[in-house]
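Summary of structural features
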Amino acid sequence: MSDPSTTPVMLTDRHREALSSAQAQVNRVVLGKQTAVAMSFVALLADGHILIEDLPGLGKTTLAHAIAATVGLDFQRVQFTSDLLPSDVVGVSVYDGGARRFEFHGGPVFTNVLLADEINRAPPRTQSALLEAMAEHQVTVDGVTHALPDPFFVIATQNPVDLSGTYPLPDSQLDRFLLRLNLGYPDRDAERALLAGEERRALIAGMMPLIGADELLHLRRAVLAVHASPALIDYVQALLTRSRQHPGVRVGLSPRAGLALLRAARALALLQGRDHALPDDVQTLFPLIASHRLVADSDAAAAGSAIADAILQAVPVD
């Protein structure tokens, strides 16, 4: 008998309406960032995690709070600082004198939605505390493995690595993020509405939960039912191959990156109301999935994005 948690299902009208309403609600708070909001929902549906990288004050934390409020799941926020310890994230075993044994006290990672705010302000040892959690949805403390709640979704924010007091995330950590997003400055109209409108904190406090745990798990199973044709898989494989041969690339994309790209393409197709993924979906997502995974010969922060765009241009769609 098949496991019902992994059996593909079709999307119902009720779920489509909830998904559309959820995006609209977040867009009312995070003004002028429709693409970033849509990509955040792609990661949510694809059972991935997102890294939002940009300058301070551009709405990274606001976007994370708005998504958490909309999905209506348990939410924890951790402010990463230079003195944060791994145990402050995953938890610690405390000796109980009466019972004469150690009792595990879970940290803030034991939640459905975790906001890791300014993750690159913590030293590498603390950053790595999230590695197992993000990859396996579990943590191991003192040799004992503890399962995390399902669903589990990490939204991490970071400031550009050239700012003082930051520690660049290692490649193994970056690979755990399905997408890396940049918000950028708002356009004139969005900024005017932001300045003249209600305080964002008050708007988030008034947001209604529109997608619960059961609905989100249903949507994630529906992603599995989205069709990816053999031709589309050929196209993804060609992009992977090109990434390993492209000039200026020291380390290309792994098969895991290809699986992530296909999963995200299926999620984007579902978000747009289609039952099949298209090359356009892959092209939209490729820079967001590849830029932080490619290791370029250049140390420039924008090197990965430029190479990802060049790879897209070099691989034709048959």
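Rules used throughout
Residues numbered from 1 in each chain as written. Predicted model: local features only at pLDDT ≥ 70, side-chain atom pairs only at ≥ 80, totals over all residues. Heavy atoms only, no water. Helix = DSSP H or I, 4+ residues; strand = E, 2+ residues; numbered from the N terminus. Areas by Shrake-Rupley, 256 points an atom, 1.4 Å probe, with all protein chains shown as cover. Lys, Arg positive; Asp, Glu negative; His and termini not counted. Charge placed at Lys NZ, Arg CZ, Asp CG, Glu CD. Expected span 1.5 Å × (residues − 1). Buried < 20%, exposed > 50% of the residue type's maximum accessible area, 1.4 Å probe, protein only. Contact = heavy atoms within 4.5 Å. pLDDT = per-residue confidence, 0-100. Phe/Tyr/Trp six-rings, centres within 6.5 Å; stacked < 30°, edge-to-face > 60°. Core = buried A, V, L, I, M, F, W, Y, C linked by side-chain atoms within 4.5 Å. 1 Å grid on protein atoms, 1.4 Å probe; cavity = no way out; pocket = protein on both sides within 12 Å on 5 of 7 lines; lining within 4 Å. Points joined across faces, edges and corners; volume = space filled by probe spheres on them. Nonpolar A, V, L, I, M, F, W, Y, C, P; charged D, E, K, R; others polar. Salt bridge = Lys/Arg side-chain N within 4 Å of Asp/Glu carboxyl O.

Re the overall build of the chain
Helix and strand counts for the chain come out as 14 helices and 11 strands. In terms of its C-alpha atoms, the chain occupies a principal-axis envelope of roughly 70 × 55 × 45 Å. Of the accessible surface of the chain, which amounts to about 15200 Å², a share of 52% is contributed by carbon and sulfur atoms. Of the charged side chains in the chain, 26 are positive and 35 negative, and the gap between their average positions amounts to 1 Å.

Some points on helix α10 (residues 213–224)
With 12 residues, α10 extends 17 Å from end C-alpha to end C-alpha; this agrees with the ideal 16 Å at 1.5 Å per step. Every buried residue of α10 is listed here: E215, L216, H218, L219, R220, R221, A222 and V223. Contacts made by the buried residues of α10 are with α1 (13–29), α2 (34–45), β8 (153–158) and α12 (255–271).

Notes on the confidence of the model for the chain
In this model, the chain carries a mean pLDDT of 87, and residues with pLDDT of at least 70 account for 94%. For residues 1–5, every residue scores under 50 in pLDDT, and the model assigns this stretch 3 contacts once sequence neighbours within four places are set aside.

Focus: the packing of aromatic side chains
Per the stated rule, a full pass over the model turns up 2 aromatic pairs. Aromatic pair Y95 and F102: ring centres 5.2 Å apart, planes at 65°, arrangement edge-to-face. Residue F102 is classed as exposed on the basis of its relative accessible area, which comes to 59%. Plain terms: the ring middles of F104 and F110 are 5.7 Å apart, the flat faces sit at 65° to each other, and that makes the pair edge-to-face. Overall, F104 belongs to the partly exposed group, its relative accessible area being 23%.

Some thoughts on the nonpolar core
Grouped together as the largest cluster of nonpolar side chains are 76 residues, with contacts concentrated most on L179 and L285. With 11 residues, α12 is the largest single contributor of residues to this core. In contact with L179, not counting residues within four places along its chain, are M39, V42, A43, H49, I50, L51, L285, L288, I289 and H292.

Considering the layout of surface pockets
Reported here for the second largest pocket is a volume of approximately 570 Å³. If you go around the second largest pocket, you meet 27 residues; those closest to its centre are G57, L58, G59, T62 and R200. Of all the secondary structure elements, the ones that give two or more residues to the lining of the second largest pocket are α3 (60–71), α8 (188–196) and α9 (200–205). Take the lining of the second largest pocket: its biggest share by element is 4 residues, from α3. Taken together, the residues of the lining of the second largest pocket sort by class into 11 nonpolar, 8 polar and 8 charged.

What about the pattern of salt bridges?
In the structure shown here, the tally under the stated rule is 9 salt bridges. In this structure, R101 engages E103 in a salt bridge whose closest nitrogen and oxygen atoms are separated by 2.6 Å. When its relative accessible area of 47% is taken as the criterion, R101 is described as partly exposed. Note that D175 and R256 form a salt bridge whose closest N and O atoms lie 2.5 Å from each other. Taken together, the positions of D175 in the loop between α7 (171–174) and β9 (179–181) and R256 in helix α12 put the pair 81 residues apart, joining distant regions of the chain. Judged by its relative accessible area of 48%, R256 falls in the partly exposed class. The network of salt bridges with shared partners includes D175, R256 and R293.

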